[in-house]
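Results of the structural survey
Spelled out, the chains give:
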Amino acid sequence: MGMLCAVSFQRYGRLYYLDPGELRPQVGDKVLVPTDDGPEVAECVWAAQWVTEETEGFPRLAGLAQEEDLRRDEALRRRKAEAKVAAKRLIREHGLPMKVVAVDHVLGNGEGGGERSTIYFTAPHRVDFRSLVRDLGATLHCRVELRQLSARDSARVQGGIGSCGRDLCCATFLTDFEPVTIRMAKDQDLPLNPLRISGACGRLMCCLKYEHPLYAKFAESAPAIGSRVTTPEGDGRVVGHSVPRDAVTVRLDADGSRCSCSRASVCGPRQAHDQRYTPEPG
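Nothing here was measured: the structure is a model prediction, and the numbers come from that model. (Residues numbered from 1 in each chain as written. Predicted model: local features only at pLDDT ≥ 70, side-chain atom pairs only at ≥ 80, totals over all residues. Heavy atoms only, no water.)

**Overview of the packing of aromatic side chains**
- Counted according to the given criterion, the structure contains three aromatic pairs.
- Relative to Tyr16, the ring of Phe9 lies with its centre 5.5 Å away and its plane at 70°, an arrangement referred to as edge-to-face.
- With a relative accessible area of 26%, Phe9 lands in the partly exposed category.
- Here the aromatic rings of Phe121 and Phe129 are separated by 5.7 Å at their centres, their planes lie at 80°, and the arrangement is edge-to-face.
- The class for Phe129 is partly exposed, based on a relative accessible area of 23%. (Phe/Tyr/Trp six-rings, centres within 6.5 Å; stacked < 30°, edge-to-face > 60°. Buried < 20%, exposed > 50% of the residue type's maximum accessible area, 1.4 Å probe, protein only.)

Have a look at this one:
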């Protein structure tokens, strides 16, 4: 058991959980987060509080941001904006099929480490950007790296709102992309319309994987559609499944009406178990 707080480097961006140590940051406080390039300023979005999980292994806050840190962060954001504008302009001049997604910039630390900009972009295919890198270096007066992102990584970096109305999973809490297949959509009886089952990245939505184990487990024991079953209301034929409610829809032979029954009530092994262990009346 220990204390954790959550910070974000940009509004509505990915949350990072850290051990506050002796600090007690509140929501809105500017804090210093240790990174490979030195402490960076982030905003506390979840105040430090006790959690039941073990907190060993979480990075510890480097401190609260001071005026000097805030000025450095402002200069860093300004340099990022300048690099993004310059990159877009030069891409147009070179006529390259590239789209700038994000820019990461590291300021010089005065100890031999010069400034460098990393520009992330998307493109429909591999691009020869050697001349672009030279022009960017001459314009920004620093070392420049270009990195191409996949469609999913691009959505993660840019963020956005999903069809559910919430922030994209990949931009908030997902750490790894797990494989998602069209079979998962079929098993969940979802329309195979790409506009309905695709995310902001244009690929199958990651959330298709969340409930798939539930559907797979339901299919193992539930009677198949079209099979005949006996329900508390009479015999009938299964015409539908309702996995979230753990129920099946049955059309009764008596009058053709439909009823919703729990999966357990029409499960053959469960019925046999109930008949075996139900005492005889009398």
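**Re the sheet that holds strand S3 (residues 30-33)**
- Taken in spatial order, the five strands make up an open sheet running S2-S1-S4-S3-S5, and their pairing is antiparallel. Here the strands that pair on one side only, and so sit at the sheet edges, are strand S2 (16-18) and strand S5 (63-64).
- Inspection of the sheet shows strand S1 (residues 2-8) paired to S2 by three bridges, in the antiparallel sense. For Ala6, the partnering residue across the bridge sits in S2 and is Tyr17.
- Against the sheet, helix H1 (residues 67-94) contacts S3, strand S4 (40-51) and S5, and its axis sits at roughly 125° relative to S4. (Pairing = 2+ DSSP bridges. Helix = DSSP H or I, 4+ residues; strand = E, 2+ residues; numbered from the N terminus. Contact = heavy atoms within 4.5 Å. Axes fitted to C-alpha atoms, helices over the stretch in contact; angles between N-to-C directions.)

**Concerning helix H2 (residues 130-140)**
- Along H2, the residues classified as buried are Leu132, Leu136, Gly137 and Leu140. Here the buried residues of H2 occupy an arc of 135° about the axis, which is enough to place them on one side. Exposed residues pointing more than 90 degrees away from the buried face of H2 are listed as Arg130, Arg134 and Ala138.
- The inward-facing, buried residues of H2 contact H1, strand S7 (116-122) and strand S8 (143-148).
- Phi turns positive, to about 60°, at His141, one or two residues after H2. (Arc of directions from axis to C-beta.)

**So, the confidence of the model for the protein**
- Here the protein shows a mean pLDDT of 84. Residues at 70 or above account for 92%.
- Below a pLDDT of 50 lies the segment residues 269-274, which in the model reaches four contacts outside its immediate sequence neighbourhood of four places, other chains included. (pLDDT = per-residue confidence, 0-100.)

**Side note on unusual backbone geometry**
- Backbone geometry places His141, a non-glycine residue, at a positive phi of 60°.
- Along the chain, His141 falls in the loop between H2 and S8.
- Taking the relative accessible area as the measure of exposure, His141 reaches 68% and is therefore exposed.
- A positive phi angle, near 55°, is found at Asp189, a position not held by glycine.
- Relative to the helices and strands, Asp189 resides in the loop between helix H4 (182-187) and helix H5 (194-197).

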